[in-house]
Amino acid sequence: MTSDVLLALVAYAFVTSITPGPNNFMLLSSGVNFGFVRSIPHMLGIGIGFVVLLLAVGFGLGAVLTTFPVLHTVLKIVGGAYLLYLAWKIAMSRSVESGGDGTAQPMTFLQAAAFQWVNPKAWVMAVTAMAVFSSPANPFLSVVLIAAVFGVINLPCVSSWAGFGMALRGFLSDPVRLKWFNIAMGVLLAATLWPMVR
């Protein structure tokens, strides 16, 4: 991979990782409701889960979905339904930190890693990255390099969203503000489905 291509890959990884999407909206909400430290498993699940998704797409899963479009449709439906469920949970959350009623919990590492497999933005990022930046001349090395670049860049980017949420905790300690913040986050998370359904 030439330095120009590597630089373009780094820019692509940064822009797609830092811009709003399901993962970042959920981490912003998690930072507000549970704090930065309790959101760390969620952040790590996103980072590692996405790297695994990238490797799977790079090593042939993307071709399987192209060959069998019905699988892609099923993935979109399941992913969209799960995203709406998560949006509802966020919108109905009403307390900072302890969960108020004791039932609210931040997303676990495994839940966040598994979510990458039904996250529409993650699939678009992974398929595009592999289509644009992998090299037919050296497919194995280029796929691993793409995954490594995302692994290094994605975690700090998504973590900044949880950090921003943590910074808002004081302002959102008022139950009315928190209620409307969580409703707005739920609506924004649901709105991330728009590119998938239009």
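Residues numbered from 1 in each chain as written. Predicted model: local features only at pLDDT ≥ 70, side-chain atom pairs only at ≥ 80, totals over all residues. Heavy atoms only, no water.

Naming follows an unreviewed UniProt entry, where the chain appears as Threonine/homoserine/homoserine lactone efflux protein of Aquamicrobium terrae. UniProt, in the comment section headed Subcellular location (unreviewed entry), describes the chain in these words: "Cell membrane". (UniProt positions renumbered as here; feature names shortened; annotations may be inferred.)

Details of the overall build of the chain
From N to C terminus, the chain includes nine helices and zero strands. When the elements of the chain are put in sequence order from the N terminus, they spell out α-α-α-α-α-α-α-α-α. Taken against the 2.2 N^0.38 rule, which gives 16 Å for 198 residues, the C-alpha radius of gyration of the chain at 17 Å falls within 12% of a compact globule. Dimensions of the chain along its principal axes, counting C-alpha atoms only, are 55 × 35 × 25 Å. Relative to its 198 residues, the chain shows a buried fraction of 43%. For the chain, the exposed surface amounts to about 9900 Å²; the carbon and sulfur share of it is 76%. Each charge sign in the chain was given a centre, from 9 positive and 4 negative side chains, and these centres are 8 Å apart. (Helix = DSSP H or I, 4+ residues; strand = E, 2+ residues; numbered from the N terminus. Rg over C-alpha atoms; globule rule 2.2 N^0.38 Å. Buried < 20%, exposed > 50% of the residue type's maximum accessible area, 1.4 Å probe, protein only. Areas by Shrake-Rupley, 256 points an atom, 1.4 Å probe, with all protein chains shown as cover. Lys, Arg positive; Asp, Glu negative; His and termini not counted. Charge placed at Lys NZ, Arg CZ, Asp CG, Glu CD.)

What to know about empty space enclosed by the protein
Throughout the structure, instances matching the rule amount to one cavity of 30 Å³ or more. Put simply, the largest cavity is a space of about 110 Å³. Taken together, 15 residues make up the lining of the largest cavity; nearest its centre are Thr 16, Asn 23, Lys 121, Met 125 and Asn 154. For the lining of the largest cavity, the elements supplying multiple residues, two or more each, are helix 1 (3-18), helix 2 (22-34), helix 3 (40-67), helix 6 (120-133) and helix 7 (139-167). (1 Å grid on protein atoms, 1.4 Å probe; cavity = no way out; pocket = protein on both sides within 12 Å on 5 of 7 lines; lining within 4 Å. Points joined across faces, edges and corners; volume = space filled by probe spheres on them.)

Observations regarding the packing of aromatic side chains
Remark: the centre distance and the inter-plane angle together describe each pair of aromatic rings, the angle taken between the planes. According to the stated counting rule, one finds six aromatic pairs in the structure shown. A ring pair is formed by Phe 25 and Trp 161, whose centres lie 5.9 Å apart and whose planes are at 85°; its orientation type is edge-to-face. Placement of Phe 25 in helix 2 and of Trp 161 in helix 7 is noted, with a sequence separation of 136 residues between them. Chaining the aromatic ring pairs together yields one cluster made of Tyr 12, Phe 50, Phe 133 and Phe 150. (Phe/Tyr/Trp six-rings, centres within 6.5 Å; stacked < 30°, edge-to-face > 60°.)

Details of the nonpolar core
Counting residues in hydrophobic clusters, the biggest one holds 46 residues, and the most contacted among them are Phe 50, Leu 54, Ile 146 and Phe 150. Secondary-structure elements contributing two or more residues to this core are helix 1, helix 2, helix 3, helix 4 (69-92), helix 5 (109-115), helix 6, helix 7 and helix 8 (175-191). In this structure, Ile 146 is in contact with Met 1, Leu 9, Leu 54, Ala 129, Met 130, Phe 133 and Ser 134, ignoring residues within four places of it in sequence. (Core = buried A, V, L, I, M, F, W, Y, C linked by side-chain atoms within 4.5 Å. Contact = heavy atoms within 4.5 Å.)

Focus: the confidence of the model for the chain
Residue-level pLDDT values for the chain average 84, and 91% of them are 70 or greater. Confidence, read as mean pLDDT per element, is least for helix 9 (residues 194-197) in the chain (64) and greatest for helix 5 (94). (pLDDT = per-residue confidence, 0-100.)

Concerning helix 6
In a regular helix each residue adds 1.5 Å, so 14 residues correspond to 20 Å; helix 6 covers 20 Å between its end C-alpha atoms and thus fits that length. At the N-terminal end of helix 6, a side-chain oxygen is found 3.0 Å from the backbone nitrogen of Lys 121, two or three residues along, and the residue is Asn 119. (Expected span 1.5 Å × (residues − 1). Polar contact = N/O pair within 3.5 Å; in protein donor to acceptor, adjacent residues only side chain to side chain.)

Focus on the UniProt feature "transmembrane region" (unreviewed entry) in the chain
Mapped onto this numbering, the UniProt entry gives "transmembrane region" (unreviewed entry) at residues 44-66, 73-91, 140-168 and 180-197. The straight-line gap between the two end C-alpha atoms of residues 140-168 is 43 Å; of that span, 97% is helix and 0% is strand.

Notes on the side chain of His 42
Here His 42 shows up in helix 3. Beyond its immediate sequence surroundings of up to four residues, His 42 is in contact with Met 26, Leu 27, Ser 30, Met 107, Thr 108 and Ala 112.

Thoughts on the packing of helix 2 against helix 7
Two elements in contact, helix 2 and helix 7, have axes separated by 6 Å at closest approach and are oriented at 35°. In the packing of helix 2 onto helix 7, the handedness of the crossing is right-handed. Across from Asn 24, Phe 25, Leu 27, Leu 28, Gly 31 and Val 32 in helix 2, the residues of helix 7 making contact are Val 158, Trp 161, Ala 162, Phe 164, Gly 165 and Met 166. Looking at the contact of helix 2 with helix 7 residue by residue, the classes come out as nine nonpolar, three polar and no charged. (Axes fitted to C-alpha atoms, helices over the stretch in contact; angles between N-to-C directions. Left-handed = near helix turned anticlockwise from the far one by under 90°. Nonpolar A, V, L, I, M, F, W, Y, C, P; charged D, E, K, R; others polar.)

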